[in-house]
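Notes for the structure review
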Amino acid sequence: MSSLSRELVFLILQFLDEEKFKETVHKLEQESGFYFNMKHFEDLVQGGEWDEVERYLSGFTKVEDNRYSMKIFFEIRKQKYLEALDRHDRAKAVEILVKDLKVFASFNEELFKEITQLLTLDNFRQNEQLSKYGDTKSARNIMLMELKKLIEANPLFRDKLNFPPFKASRLRTLINQSLNWQHQLCKNPRPNPDIKTLFTDHSCAAPTNGARAPPPANGPIVGPIPKSAGFPPMGAHAPFQPVVSPSPNAIAGWMTNPSPSLPHPGVAQVPPGLVQPPNTAAFLKHPRTPTSAPGIDYQSADSEHLMKRMRVGQPDEVSFSGASHPPNVYSQEDLPKQVVRTLNQGSNVMSLDFHPVQQTILLVGTNVGDIGIWEVGSRERIAHKTFKVWNIGACTLPLQAALMKDAAICVNRCLWSPDGNILGVAFSKHIVQTYTFVPNGELRQQAEIDAHIGGVNDIAFSHPNKSLSIITCGDDKLIKVWDAQTGQKQYTFEGHEASVYSVCPHYKENIQFIFSTAIDGKIKAWLYDCLGSRVDYDAPGHWCTTMSYSADGTSKDGDSHLVEWNETEGAIKRTYSGFRKRSLGVVQFDTTRNHFLAAGDEFVVKFWDMDNTSILTTTDCEGGLPASPRLRFNREGSLLAVTANDNGIKILANTDGQRLLRMLESRVFEGSRGPPQQINTKPPMINTLGSASNVSSPIAVNSERPDRMLPAVSMSGLSSMDVSRTPDVKPRITDESEKMKTWKLSDIVDSGHLRARHCPDTAASPTKVVRLLYTNNGIALLSLGSNAVHKLWKWQRSERNPNGKSTASVSPQLWQPANGILMTNDTSDGNLEEATACIALSKNDSYVMSASGGKVSLFNMMTFKVMTTFMAPPPAATFLAFHPQDNNIIAIGMEDSTIQIYNVRVDEVKSKLKGHQKKITGLAFSQSMNVLVSSGADAQWYPRDALPAPVSSAIYSCDGLLIYAGFCDGAIGVFEAESLRLRCRIALSAYVPPSISSGGSVYPMVVAAHPLEPNQIAVGMSDGAVHVVEPLDADPKWGVAPPQDNGAHPAMSSAPAASNNQASDQPAR
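Remember, it's a predicted structure, so these values are computed and weren't measured experimentally.

Moving on: the packing of aromatic side chains. On inspection of all chains with the given rule, the structure shows 22 aromatic pairs. Between tryptophan 416 and phenylalanine 437, the aromatic rings sit 5.0 Å apart at their centres with planes inclined by 70 degrees, giving edge-to-face as the arrangement. In this pair, tryptophan 416 is assigned in strand S6 (residues 411-416) and phenylalanine 437 in strand S8 (residues 431-437), connecting sequence segments 21 residues apart. Here tryptophan 416 matches phenylalanine 437 in class, with each residue buried.

Structure follows, in structure tokens:
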């Protein structure tokens, strides 16, 4: 039994003991053999319950095990024999002698004879050695002392005499933490949930209005328990997760747990688990019986995808396998069922794949060998390539002969690489071609591989040696691995006895391997060692099978199956019903975020909840589908591409997908007006890292950068905005835009033209806000003051705010844990006014990392307790960023211009990056590439002469379309991100009512953008106040988009009316 199972037994023993199940406790002690309860043993001996004494001992040792064990049993049976003689129960004494003591005769015959002779005495005390035998009680106590010495000396009892030390009610604590964690994963968590069963995973029922409740507090759910920790563990994303270093050949047990796979087809990609069992060969030979402690995959980011809705380019973070998956708490509204686009490729589409980052770009391959790339938002085909052999002279003779005999060729599979920079195409004759993809739509030839004799049936990407490789399979029964850059062959796998139909690369605990399926129904698994297949399973239906993590199906021209297949057992876990029994060809299926399964069948698209075998719903996509349409979700599951008759492709969308397409349409519309005339100006460059970290902070004026030539807006006098003084600015109108209306800049000077809410604060004299950010789920605000103290505001559910979302209509609550402590950074007795503060939140909002010139502190967000501190200055930390896939890894920008990559769990700096000249002012990890972007004080620049007041803070909106900038005169500017044109300006008087104004020079120190609502911001002020600002419901956007013409641009004037100064059009320098 593994060590974790052993610990579970101890937890159960503690629970049973606390619940007073005494007999069950001792029965489990005896049956498990993990803990010898000396107190219980003493009670049995002193009570003379000899049968129970031996039964209990039998769980730990037997008579013949060793000399200590033999002595223990002999003393017990001798005492039982003497007590029978003392009662003058000679019949019982004879029985004991024959049945129990005779076994020792073979070891010491003389001793056995001497014991037998005691039957002849009227009183066994006449024996000289037993003359001092007293009463029964004292004799048992004397014997017990001897037994305890023997047991303690017996090596079989080593490590079994002491119960492991851990806190009381530990099992209840773990169950409570699990339920709290499940409750956080609820799409609609309710406060104070009523948990009625542990037999199924907890899930709150959806409210009638479909709203999402605020996340639960971490209060006990299963009875009163000692609160050992404030928040549930974060698994692979948690600091301090224990790690067992893998051995080089480790592979045992990799099939026993859920794990990530490469996105083939359409499956999430996440880092592998960290617990690594040893023993290479055992896994594939005996996958049911791992030889070591099982690897445990904690759910790492399930709460993340429930908190963060649709964002372009956001990578999947959900692990899913055939063994198990998290409960689906999504509703049918999340299914993309509305037809929003219809495209025509010109030939029959055979394969589809959405770009992994740019989620509206669709790659298609056809039955005539063409490939096309569509921007489904604009309905534009941005690339098209017809089939041709790039270098016929380099082709093998079989390929040349096949092309001479029949030039027709078909795309069997087309696929994006995980980062979307490369696409691969597998053809029906021999060839694989790869292209590099440039975001403007250009395709550049990269490699042409004569891969297989016959058709290339499937293609996949993997990283077996940290470099990108291509996996192919074909009619020649082979699987091959190629270098993606050079096309050089790396591995060849032989062993299938029929054409290989599908390959599925996978990795578990740093072990890279490949699943393959053939048309004879065999499923095999391969390591990158050319030593042959490690497993051999029969696929459902015993015919050709397509695999992906997790679903599996179907047979070709025969019985059809759509099943969840348990890779460990090599057996079907569940079969999805509602599937036609006979199919024409291989039915296409795909999964979305491991929640929904879709398959094209019977002229419709069928959907299943992965946790329910019954069909969820169907859609005919407004008609026109073939019998078994091909389909593919985009990475977020918001769009679904489905092949249609007459060479068509239908794009289905859910609400998020429709919003995404509308956003792209607006960009295309604005761009179609033509680029503005370039003039000799330089616009302000806003901190582009703001949206990545969602952290707002003050920024300082520095040097400028002369490489961008875009029109600028003169912004003099943002604070003195008087509508009566603002001139109507009439841009020059070209012939092509005569019908464009004259545009007027939106000025907001009155509180009645927006919604603003002051966040309540109990502090007598609050200090200025130096950092401000929304939590990732957007329902709370976290600020850091110049005094190194954090404050947290949460919106509660109420009649006015039934959803519990952040809004300027309702005041949030200044939240503090029951212990009353404050989250206060280490200051190291430094000057707080001069210190550079920095802050970052973990992706599930469980932990906050922060610094105010001293050590970096890691806080638990539910208890406000400091978990650890590290990185004592000098140099001090100036910017922080969590790694998007592993919260153990932190990037720390330093005052000395270096960047340190730090592992919290092992308290170790993994690497130090250099290149800046001044302190680090921004860090952002790429969500889809292994890239860290940094900015330093030596690289920032802002216009110097055009602004009467410096920019104090700036940040992108969550959709990237707007930039919010705060100014040191109190105003807020809303800019178009693409052109940096001013869209709206908000005066201080509009969002800070005189009733709460502290007077003096007050301005926004920091601006924070809501992570889900692009038009909501929060501002932290120089007087310590925090305000939430958003447009009115009647006009939910800030101002009107400025026209994209080539005339003069509106300016922001601060000159009084008497001066007769017009709006300045002087370019920023």
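Here the narrative resumes.
Here we come to the packing of helix H3 (residues 38-46) against helix H4 (residues 50-58). Axis separation between H3 and H4 bottoms out at 8 Å; the angle between their running directions is 150 degrees. Considering the angle they form, H3 stands roughly antiparallel to H4. As H3 runs across H4, the sense of the crossing is left-handed. On the side of H3, the interface is formed by His40, Phe41, Leu44 and Val45, while H4 contributes Trp50, Glu52, Val53, Tyr56 and Leu57. For the contact of H3 with H4, the residue count by class is seven nonpolar, one polar and one charged.

So, on to the environment of phenylalanine 859. By the secondary structure assignment, phenylalanine 859 is in strand S38 (residues 856-860). For phenylalanine 859, a relative accessible area of 0% corresponds to the buried category. Remark: the alpha-carbon pair of phenylalanine 859 and methionine 849, spanning ten residues in sequence, is separated by 6.4 Å.

To continue, consider the pattern of salt bridges. Side-chain pairs of opposite charge can arise where the charged atoms are in close proximity. On inspection of all chains with the given rule, the structure shows 26 salt bridges. Of the charged contacts in the structure, one is a salt bridge between glutamate 52 and arginine 55, with a shortest N-O distance of 2.2 Å. Of this pair, glutamate 52 and arginine 55 are both found in helix H4, three residues apart, which corresponds to roughly one turn of the helix. According to the relative accessible area criterion, arginine 55 is partly exposed, its value standing at 40%. The closest approach of N and O atoms between arginine 755 and glutamate 1030, which form a salt bridge, is 2.8 Å. In this pair, arginine 755 is assigned in strand S31 (residues 755-758) and glutamate 1030 in strand S52 (residues 1026-1030), connecting sequence segments 275 residues apart. One exposure class covers both arginine 755 and glutamate 1030, and it is buried.

What counts and what doesn't
Residues numbered from 1 in each chain as written. Predicted model: local features only at pLDDT ≥ 70, side-chain atom pairs only at ≥ 80, totals over all residues. Heavy atoms only, no water. Phe/Tyr/Trp six-rings, centres within 6.5 Å; stacked < 30°, edge-to-face > 60°. Helix = DSSP H or I, 4+ residues; strand = E, 2+ residues; numbered from the N terminus. Buried < 20%, exposed > 50% of the residue type's maximum accessible area, 1.4 Å probe, protein only. Axes fitted to C-alpha atoms, helices over the stretch in contact; angles between N-to-C directions. Parallel < 35°, antiparallel > 145°, perpendicular 65-115°, else oblique. Left-handed = near helix turned anticlockwise from the far one by under 90°. Contact = heavy atoms within 4.5 Å. Nonpolar A, V, L, I, M, F, W, Y, C, P; charged D, E, K, R; others polar. Salt bridge = Lys/Arg side-chain N within 4 Å of Asp/Glu carboxyl O.

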